[in-house]
Amino acid sequence: MVHAPDLFGDKAASEYDASAIEVLEGLEPVRKRPGMYIGGTDERALHHLAAEVLDNAMDEAVAGHATRIEVELHGDHSVTIRDNGRGIPVDPHPRFPDRSALEVILCTLHAGGKFSGKAYQTSGGLHGVGVSVVNALSDHVSVEVARDRQLFRQSFSRGTPLEPLRQVGPAPNRRGTTVSFHPDAEIFGAGACFKPARLFGMARSKAYLFSGVEIRWKCDPECLRGIEDVPGSATFHFPGGLADYLVERLSGATCYAETPFAGRVDFAERFGSDAIGSIEWAINWTPECDAFVSSYCNTIPTPEGGTHEQGFWAALLKGLKAHAELAGNRKASQITREDFTSSGCAMISVFIREPEFVGQTKDRLATTEAGRLVEGAVRDRFETWLAGDTRTAEAILEYVILKSEERLRRRAEKETQRKTAVKKLRLPGKLADCTAKSRDGTELFLVEGDSAGGSAKQARDRKTQAVLPLRGKILNVLGAAATKMMGNQEIADLCQAMGVQAGSRFDLKDLRYDKIIIMTDAD
């Protein structure tokens, strides 16, 4: 017999009192629950540490204070990222006079210079937790700051300073911040290490996202053993921005547009001086590779998309439909966003002030205003681009319509499968079938109208010849959508009589007759 617990007993109350309430201070919450800050402790989370430091350097470049960033992977799988920006402030913090601003930033959650918008108009860092999380989850961190022609250095371990900030000496020809860190094996496991290919791709993509920065890559030969597609050193600088990036990714593929639809718009030019930020994009269409979308907000990858992607696709969808309407193409009415995303290869990069992301890892943009700004900035440019090259516009339109018809056909086939699973299809009532059990030597005559059908029935050989009367001028398929064709009763009867299915499920082996003979007028 199971006895109910004594909810009012003294023992239960004594086990849960004020002493059971823990208060985590400083960076303890990060080490206790790293998944809340970097999304886990797997390989992706490990590389997120490097992304946090690199994003800070990119913020300096986008703000116009840095022109060069260096990313280096060492033999012990520590990473060094340096920039030639303004350098992290090293003077005493007003609220903590006994600590430098550098130490406050590295050792305090929600400490940074990106809250008010005074130091950075747009930035990837928002919450002031990025580099402090890197500090908390690394067994060693070293920060060097070249500022005011002096070099300063401070070291940390697992979120705790190992020494006070030191002034190393003069640095007359140097400026910026250098952060070196090694991930903590207690958090990520003993075998955790950075992947050169992943860091290399990260560094290269950042250079495409901001044409005003040069990024230098360097990797220790020890880390490249057995890896052939990653160089030991490289320099990235792409004046063409995302357009260059897309051309490289589609290298060798035949595209519908000779040059991608690409551009950049400052929101202030389009919406007035109160609108801060910009949008840059590049897109092309090709049947030779799978579609993809790579989107970014303030140089931060957003693999799950968000409002900026929604605004971009809305602009393209409305622009293409408007062009099709002017061209008199009625099939464009069936196009949806899905048809664009399943056919286009796109790069999107938006810079906005105070973006809202879903989660600390910033995989999805949630800023509602971003969708409106992006749609308004891109749509006019797209319509102008289509009007300027009607040949390319028609090719893209036909390709997207083809994708939409494939989508509608798949949906219709699923609906047909669902219906036939519970109900056996019957032959059309107007079909005068033959009596032969075998397909060999049988013929199906398609005649126009019931009157012609009556005459054909009287003259046929009932054993091998069948007759199906059809209404004249069934459907003008040249201007009809796939759904309209699939929904036409005459076409459905025809497919049913022949024993075949429409679209991708059509198979000649399913034909019930040896020959199909069309006995109709030429029109």
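Because the structure is a prediction, the values reported are computed rather than measured.

Draft legend 1. Representation of the pattern of salt bridges in the model. Here the structure, examined in full by the defined rule, presents 27 salt bridges. One salt bridge in this structure joins Lys206 and Asp55, with 2.7 Å as the shortest N-O distance. Of this pair, Lys206 sits in helix H8 (residues 196-209) while Asp55 sits in helix H4 (residues 43-62), and the two are 151 residues apart along the sequence. Here Lys206 matches Asp55 in class, with each residue buried. Here Glu70 and Arg216 are joined by a salt bridge, their closest N and O atoms 3.9 Å apart. In this pair, Glu70 sits in strand E1 (residues 68-73) while Arg216 sits in strand E8 (residues 214-219), placing the two residues 146 residues apart along the sequence. Residue class for Arg216 comes out partly exposed when judged on its relative accessible area of 36%. Each of the salt bridges in this network shares a partner with another, and the network as a whole consists of Arg68, Glu70, Glu72, Arg82, Glu214 and Arg216.

Draft legend 2. The sheet that holds strand E12 (residues 292-297), seen in detail. Taken in spatial order, the 5 strands line up as E10-E11-E14-E12-E13 in an open sheet, and their pairing is mixed. Two strands lie at the open edges of the sheet, namely strand E10 (261-266) and strand E13 (300-301), each paired on one side alone. Where E12 lies against E13, 2 bridges are found, and the strand directions are antiparallel. Counted as the bridge partner of Cys297 is Ile300 from E13.

Draft legend 3. Quick peek at helix H13 (residues 368-388). Along its 21 residues, H13 runs 32 Å from first to last C-alpha, staying within 8% of the 30 Å computed at 1.5 Å per residue. Listing the buried residues of H13 in full gives Ala370, Gly371, Leu373, Val374, Gly376, Ala377, Val378, Phe382 and Leu386.

Draft legend 4. Layout of the pairing of strand E4 (residues 150-157). The buried fraction of E4 is high, at 6 of 8 residues. Note that strand E3 (residues 138-147) and E4 share 7 bridges and pair antiparallel. Bridge pairing in E4 places Ala146 opposite Leu151. What sits between E3 and E4 in their antiparallel hairpin is a turn of 2 residues, with Asp148 showing a positive phi close to 55°. Looking at chain direction, E4 and strand E6 (residues 166-170) are connected through 4 bridges and run antiparallel. Directly across from Arg153, in E6, lies its bridge partner Arg166. When E4 meets strand E5 (residues 160-161), the two strands line up antiparallel, connected through 2 bridges.

Reading guide: rules and limits
- Residues numbered from 1 in each chain as written.
- Predicted model: local features only at pLDDT ≥ 70, side-chain atom pairs only at ≥ 80, totals over all residues.
- Heavy atoms only, no water.
- Salt bridge = Lys/Arg side-chain N within 4 Å of Asp/Glu carboxyl O.
- Helix = DSSP H or I, 4+ residues; strand = E, 2+ residues; numbered from the N terminus.
- Buried < 20%, exposed > 50% of the residue type's maximum accessible area, 1.4 Å probe, protein only.
- Pairing = 2+ DSSP bridges.
- Expected span 1.5 Å × (residues − 1).

Just geometry here; none of it tells us what the structure is for.
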